[in-house]
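Working through the structure, step by step
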Amino acid sequence: MRRASRVLRGTGRFRRREIAAAAMVFPSVPDEILVQILIRLPVKSLLRFRSVCKAWRSLISEPFFVDFHLHQQSLRDPQILLLSCAGEVGEFCLESLADERGILERKLSAVPVESILTPSCNGLILIHRDYSQCIYVFNVSTRKLLTLPDCSPSLHVNLGLGYDPPVGTYKVVRLFHNREGDAHLHCEIFTLGSPEWRRIGEVRYKLDVRGFPASVDGALYWLTDYDSHQNKSEVIISFVLREERFKVIPHPKRCAGEKRRYMQLWEFRGDLYLQDSSGKPVMNLWVLKDHKEGIWVKNYTINLHRCGYALHDIPYVKPVSICRDGRLYFSLFGRLFYYDPHTETFEVVLLDLALCEILFPYVESLVPLRKEMKAFAD
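These notes cover the structure that comes with them. (Residues numbered from 1 in each chain as written. Predicted model: local features only at pLDDT ≥ 70, side-chain atom pairs only at ≥ 80, totals over all residues. Heavy atoms only, no water.)

One full turn of an α-helix is made of 3.6 residues, so residues set three or four places apart face in the same direction. Taken residue by residue, helix α2 (residues 31-38) has Leu34, Val35 and Leu38 as its buried positions. Across the axial projection of α2, the buried residues extend over an arc of 95°, all falling on one side. (Buried < 20%, exposed > 50% of the residue type's maximum accessible area, 1.4 Å probe, protein only. Helix = DSSP H or I, 4+ residues; strand = E, 2+ residues; numbered from the N terminus. Arc of directions from axis to C-beta.)

Structure, rendered in structure tokens:
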């Protein structure tokens, strides 16, 4: 998800004093250049540099610096998260893939096998354990974990994490049924930093909750369930975090019918994408260019036959990440590929993913979590 950056200019008298104090460690480096250097460093380095002096620790923790660093990191190609079975019996390990060299870095050990992980929002992910009312927020880069208060006792259905740029708050949205056999979908919200969950009420739309919502520009997006949603013209539903209400948004004409069973919504590089894998073994990716006018543009049409594997039916293909140069990472047949749209060629990045699950992209982030608690060993 794209986050609005705060410009370094006009950071205020206090912040300029902090920058000046930090620059005293290297007196020959101008204040602005020092900040420009630091925001380009990985989180792991910045966490170590906090111990250089109090001024550096204060600077790296400043909200303007966290925002500026996040914006800088979002300009780079995102890293990819995956779960592997490299841990103890009954546990997964959360690892990241930085580039096509296939080198993995351990991020979190001892993730229980029944855990559900949601797509990243500014470097934060949700970890929810089945048969438990407890939900965790995890910063992949700082490896800090926040335990949320217990949610309502109910049948868990769907989770999403979003960021509201104008207010600067993160919200966890949870969809659930009150009891077994309850046909009505309910919604509750937790705002990070608040003491408890808030019930929003019943959701009048029948949503497709097989996957997770896409979090884009202050809203979460779901497809409607073609079988159970009565109004077939309502295809894509958004939940605006600031207004805390659901509404219908325009959709491409081709996804108005039952073919939406083969469609999914994703967030890539701050944009909302619609994956269409219906029909032949071809994957189409549409991007929403104009929310108000409902203008969708087809960015990718990928013939999966060319990846070198015999495809006799519609394969399960999952787009994973989009790079700055347009290359697309996707998983297929337990392998991770990237596709170059300029040459229309494929290359395998990871060969054997039989013991792994490809998750989603993320960017490095210093976003803090208040009242951080350690729930899993790492």
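Now that the structure has been shown, we can carry on.
Remark: the empty space left among the atoms is shown by a probe the size of a water molecule rolled over them. Size it by volume and the largest pocket reaches roughly 1,000 Å³. Every element with two or more residues in the lining of the largest pocket is listed here: β4 (115-117), β8 (155-164), β12 (214-216), β13 (219-223), β16 (263-268), β20 (317-322), β21 (328-332) and β24 (356-362). Considering only residue class, the lining of the largest pocket consists of 32 nonpolar, 11 polar and seven charged. (1 Å grid on protein atoms, 1.4 Å probe; cavity = no way out; pocket = protein on both sides within 12 Å on 5 of 7 lines; lining within 4 Å. Points joined across faces, edges and corners; volume = space filled by probe spheres on them. Nonpolar A, V, L, I, M, F, W, Y, C, P; charged D, E, K, R; others polar.)

Let's shift gears to the environment of Tyr273. Following the sequence through the fold, Tyr273 ends up in strand β17 (residues 271-276). Residues Tyr273 and Trp296, 23 residues apart in the sequence, show an inter-C-alpha distance of 9.0 Å. If we skip the residues at most four places from it in the chain, Tyr273 touches Gln264, Leu265, Trp266, Phe268, Leu285, Trp286, Val287, Trp296, Asn299 and Ile322. There is a polar contact of 3.3 Å between the side chain of Tyr273 and the side chain of Asn299. (Contact = heavy atoms within 4.5 Å. Polar contact = N/O pair within 3.5 Å; in protein donor to acceptor, adjacent residues only side chain to side chain.)

A separate point is the sheet that holds strand β19 (residues 295-303). Taken together, the four strands give an open sheet; going across it, the order is β16-β17-β18-β19, and neighbouring strands pair in antiparallel fashion. The sheet is open, and its two borders are formed by β16 and β19, each paired with just one other strand. Direction aside, the axes of adjacent strands within the sheet are offset by 25° on average. With six bridges connecting them, β16 and β17 associate as antiparallel partners. Directly across from Glu267, in β17, lies its bridge partner Leu272. (Pairing = 2+ DSSP bridges. Axes fitted to C-alpha atoms, helices over the stretch in contact; angles between N-to-C directions.)

On to the sheet that holds strand β6 (residues 135-139), then. Ordered in space as β4-β5-β6-β7, the four strands form an open sheet in which the pairing is antiparallel. Two strands in the sheet have a free side with no partner beyond their single neighbour: β4 and β7 (144-147). Adjacent strand axes in the sheet meet at a mean angle of 25°, parallel and antiparallel pairs treated alike. Examined bridge by bridge, β4 and strand β5 (residues 124-129) share three bridges and lie antiparallel to one another. Bridging from a neighbouring strand, Ile116 pairs with His128 of β5.

Further remarks concern the nonpolar core. Here is a general trend for soluble globular proteins: nonpolar side chains tend to be buried in one another's company. In terms of nonpolar packing, the biggest core is built from 32 residues, with Phe65, Val137, Leu148, Tyr170, Val172 and Leu192 touching the most fellow members. If you list the elements that add at least two residues to this core, you get α2, α3 (43-49), α4 (54-61), α5 (63-74), β5, β6, β8 and β9 (169-177). The element that contributes the greatest number of residues to this core is α5, accounting for four residues. Those residues in contact with Phe65, other than ones at most four positions away along the chain, are Val35, Leu38, Ile39, Leu46, Leu59, Ile60 and Leu366. Counting 18 residues, the second-largest nonpolar core is a separate cluster that includes Ile302, Cys307, Val317 and Phe330. (Core = buried A, V, L, I, M, F, W, Y, C linked by side-chain atoms within 4.5 Å.)

This brings us to the pairing of β16. Across the six residues that make up β16, a large majority, five, are buried. Here β16 hands over to β17 after two residues, with Arg269 in that stretch at a positive phi of 50°.

In contact at an axis separation of 5 Å, α4 and α5 are set at 60° when each is read in the N-to-C sense. The residues of α5 that touch α4, namely those facing Leu59, Ile60 and Ser61, are Pro63, Phe64, Phe65 and Val66. Tallied by class, residues from the contact of α4 with α5 come to six nonpolar, one polar and no charged.

Once that is clear, we can look at the side chain of Ser238. Within the secondary structure, Ser238 sits in strand β14 (residues 236-240). Among the residues examined, Ser238 registers a relative accessible area of 2% and is labelled buried. In this view, Ser238 contacts Leu220, Tyr221, Arg245, Phe246, Lys247 and Ile249; residues no more than four positions away in its chain are not counted.

The residue Arg269 is not glycine, and still its phi comes out positive at about 50°. Along the chain, the position of Arg269 falls in the loop between β16 and β17. For Arg269, a relative accessible area of 30% translates into the label partly exposed. One non-glycine residue, Glu344, lies in positive phi territory at about 55°. Among the secondary structure elements, Glu344 is positioned in the loop between β22 (335-340) and β23 (345-350).

The analysis is restricted to geometry; functional conclusions fall outside its scope.
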